[in-house]
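Reading the structure
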Amino acid sequence: MCRALAILLLLAPTPLTQTVRTAPTGSAPSAVAPAADPEPRVWNTGLDPLIYGFVGRWLVGTRFESAGLDLNGDGDTNDFVGLGFDLQTGVTQNFGLATTAFAAAPAGRVAFIVSEFEQGGTDLNGDGDQGDFVLHVIDLSTGVITNLGIQTIPQVVLAGSQWLVPEQESTVDLNGDGDLFDSVLQLIDVETFTKTNTTKEAQIASHRRIVEGMDWTTVVGFEAFLQTDLNGDGDMNDAQLSLFEAATGLFTDLPLGLPPQLDVAFLAPTGLLLAVDESAHGADLNGDGDQLDKVLQLFERATGILTNTGLAVAANNQNAQRMVLDGDLVGVVVSEAAQGATDLNGDGDAVDWVVHAGSLTSASFTNTGVAVWVPLRSSFRSVLAASGGFVFFRAYEVGQGNADLNGDGDSDDRVLFQHELATGTTQNLGLATGTDLILADWTSQGRLVTGVDENRQLVDLNGDGDLLDTVVHVVDGPGGQVTNLGVPGSLNAAIRGELVAHTISEAGTATDLNGDGDQGDFILQVRHLGLGLSWTYPRGISLLDFVGPRLVFQVSESQEGSDLNGDGDQFDNVLHVMERLP
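Being a predicted model, the structure only gives us computed values, none of them experimental.

Helices and strands together make up the secondary structure of the protein, namely 5 helices and 42 strands. Within the protein, the fraction of its 582 residues that count as buried is 56%. As presented, the protein carries roughly 22,000 Å² of accessible surface, and 51% of it is formed by carbon and sulfur atoms.

Below is the structure:
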């Protein structure tokens, strides 16, 4: 156990040179009129976004231009352009600028990065070229856009009341090392736009979970760029993670050598999980006699204590979770092979990945003894979900000694389990969720929504006389209760408190629910479990996600057979927002 010590103080803030413009406005494409209470309200935002987020009553996102639709006026239709949709008036505001990254502030301002090349080869920072990314801010209440003239890379994050952005040196040596080759972190006040040079040469780290507006974040510095052995292992091939606290403006360097990729961490308000590469750190961190593993480290924010757990784990990637942190609960999967060829689930081999659950505060872990399937390449398949003191996962029957865990007479299923941190108990919920299905979203109440595969459960779960459907179920972790909603759908689902959003399969119901002449679509249904209310939105959807009090979903134009954003084609997935949910 060691305490991270290295601290970097900030320099005095300086004013920025700014240019301003006003964004054009326009009408939303066929926004749905507000419905009478208690029906929720649905907006068609017209956005087919690469990224999106909410700022008060605004949905901000990027839309890819299509044939005949030059949104930023640069003479081509190849850009991602920033837009804002007002959920109060239904008006779309076109920022008119090509953007690849943004971060929103509660004050109604959005910082976003503009590409000079994609903005028609415009020199936005006055340095004589057109190859930079330049930081801009838009005030959504006025439509005024301010060009801050900061050359950066497509990275920006909100920490407290300031944006953190890496500025590329051009004419000023920002960190005082005698060259102009670095990327140095700057703090931009969201109200005044004043800039504070931290002199910290680093980039913003990427995590599986980034809570926008959280009052701390992490950054990564590379030894090769700094020409410094940051972790004392005798080389300069590693990366070092540093924590930034918005309240103090201080950086804390963690004395760990990380591999030169950034998707190794899971960030939450309470702390940080890290899968540290032993070879980069130059040490055997789990005591198995080699330096070939990725070993779990815990950083507890309240105490500042960094703990080596000694567990060889699978690191997260951008698309899927192999380790999770929810409050004090930590869930990870441990490699038997990397953990000294140890049989952790008692099946007589040492080739499995076995779930462990523990406490961030005590750094103590329980081996659940249950093996899961872990695709190690980039995948959208999450292995774990954590909620309200429970970690949910799917046991791999083949890896669990070919055990029949759901009582269907075979051993080729993925069966849902839960582990409770408070009691240390692991429970088999007996539900086969299929081979390629991931767990759906989670909430702080310990509930989970999932799909059960009839063909693997060998039970007709929706009473239609076949075993061809995936049927939506809700799991209540604290009560151990499983509720079959009796609806054929897919695992495209989300849950927030009492609200459950899921799809209904037209094929499973043998009904054309959206009237497009086929039975191949998945239709949205939203339920309130406590009130016994439900709403069906007859559109073919492709994505579901609760963001705060709102439900965000994409409607597939190809499923609908209609042009939902007015660009003349039917190839888009158009973002819709459902609000006024109970």
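Read across the sheet, 3 strands follow the order S34-S35-S36 without closing on themselves; strand pairing throughout is antiparallel. One side of each edge strand has no neighbouring strand; the edge strands of this open sheet are strand S34 (447-453) and strand S36 (481-488). When strand polarity is set aside, the average angle formed by the axes of neighbouring strands in this sheet is 25 degrees.

Most of strand S19 (residues 216-222) is tucked away: 7 of the 7 residues are buried. The alternating pattern of S19 places Trp216, Thr218, Val220 and Phe222 on one face and Thr217, Val219 and Gly221 on the opposite face, and all of these are buried. Pairing between S19 and strand S20 (residues 239-245): 7 bridges, direction antiparallel. Looking at S20, one finds that Val220 is bridged to Leu241.

This brings us to the pattern of salt bridges. Once the charged atoms of two side chains with opposite charge are near each other, the side chains can pair. On inspection of all chains with the given rule, the structure shows 13 salt bridges. A salt bridge links Arg109 to Glu191; the shortest N-O distance between them is 3.9 Å. Highlighted residues: Arg109 in strand S11 (residues 109-115) and Glu191 in the loop between strand S16 (183-189) and strand S17 (195-201), separated in sequence by 82 residues. Given the relative accessible area of 16%, Arg109 is considered buried. Put simply, Arg447 and Glu498 hold a salt bridge, and the shortest N to O gap is 3.2 Å. Here Glu498 lies in the loop between strand S37 (494-496) and strand S38 (499-505) and Arg447 lies in strand S34, a separation of 51 residues in the sequence. Owing to a relative accessible area of 14%, Arg447 belongs among the buried residues under this scheme. Glu498 gets classed as partly exposed once you look at its relative accessible area, which sits at 26%.

What follows deals with empty space enclosed by the protein. According to the stated counting rule, one finds 3 cavities of 30 Å³ or more in the structure shown. Put simply, the largest cavity is a space of about 50 Å³. As for the largest cavity, its lining consists of Val372, Trp373, Ser382, Val383, Arg394 and Arg414. The residue makeup of the lining of the largest cavity, split by class, is 3 nonpolar, 1 polar and 2 charged.

Let's shift gears to the sheet that holds strand S41 (residues 550-556). Judged by pairing direction, the sheet is antiparallel, and its 7 strands sit side by side in the order S6-S42-S41-S40-S39-S38-S37 without closing on themselves. The sheet terminates laterally at strand S6 (41-44) and S37, the two strands that pair on one side only. Neighbour-to-neighbour, the strand axes of this sheet turn through a mean angle of 45 degrees, independent of strand direction.

Turning next to the side chain of Glu336. Here Glu336 shows up in the loop between strand S27 (329-335) and strand S28 (353-359). Look at Glu336: it is buried, it has no salt bridge, and the nearest opposite charge is Arg414 at 15 Å. Here Glu336 is in contact with Ala341, Thr342, Asp343, Leu344, Asn345, Asp349, Ala350, Val351, Asp352 and Val354, once residues within four sequence places are set aside.

With that settled, consider the side chain of Glu454. Tracing the sequence through the fold places Glu454 in helix H3 (residues 454-457). Buried charge Glu454 goes without a salt bridge, the closest partner of opposite sign being Arg456 at 12 Å. Setting aside its immediate chain neighbours within four residues, Glu454 contacts Val459, Asp460, Leu461, Asn462, Asp466, Leu467, Leu468, Asp469 and Val471.

Another point: the confidence of the model for the protein. Any residue range with low pLDDT should be treated as having predicted coordinates unsuitable for detailed reading. On average, residues of the protein carry a pLDDT of 84, and 87% of them reach 70 or more. This stretch, residues 1-17, has a pLDDT under 50; its non-local contacts, to residues over four places away or in other chains, come to 51 contacts. Counting contacts from residues 25-37, a segment whose pLDDT is below 50, to residues more than four positions away or on other chains yields 32 contacts.

What follows covers the environment of Asp545. Looking at the secondary structure, you find Asp545 in strand S40 (residues 533-547). For Asp545, a relative accessible area of 23% corresponds to the partly exposed category. Residues Asp545 and Ala501, spaced 44 residues apart in sequence, show a C-alpha to C-alpha distance of 8.4 Å.

This part covers the packing of aromatic side chains. Inspection of every chain in the model, using the stated rule, returns 8 aromatic pairs. With a centroid separation of 5.0 Å and 40 degrees between ring planes, the pair formed by Phe244 and Phe251 is classed as tilted. Accessibility expressed as a relative area gives 0% for Phe251, which makes it buried. Measuring from ring centre to ring centre gives 6.0 Å for Phe393 and Phe417, while their planes differ by 20 degrees; the resulting arrangement is stacked.

About the cut-offs
- Residues numbered from 1 in each chain as written.
- Predicted model: local features only at pLDDT ≥ 70, side-chain atom pairs only at ≥ 80, totals over all residues.
- Heavy atoms only, no water.
- Helix = DSSP H or I, 4+ residues; strand = E, 2+ residues; numbered from the N terminus.
- Buried < 20%, exposed > 50% of the residue type's maximum accessible area, 1.4 Å probe, protein only.
- Areas by Shrake-Rupley, 256 points an atom, 1.4 Å probe, with all protein chains shown as cover.
- Pairing = 2+ DSSP bridges.
- Axes fitted to C-alpha atoms, helices over the stretch in contact; angles between N-to-C directions.
- Salt bridge = Lys/Arg side-chain N within 4 Å of Asp/Glu carboxyl O.
- 1 Å grid on protein atoms, 1.4 Å probe; cavity = no way out; pocket = protein on both sides within 12 Å on 5 of 7 lines; lining within 4 Å.
- Points joined across faces, edges and corners; volume = space filled by probe spheres on them.
- Nonpolar A, V, L, I, M, F, W, Y, C, P; charged D, E, K, R; others polar.
- Lys, Arg positive; Asp, Glu negative; His and termini not counted.
- Contact = heavy atoms within 4.5 Å.
- pLDDT = per-residue confidence, 0-100.
- Phe/Tyr/Trp six-rings, centres within 6.5 Å; stacked < 30°, edge-to-face > 60°.

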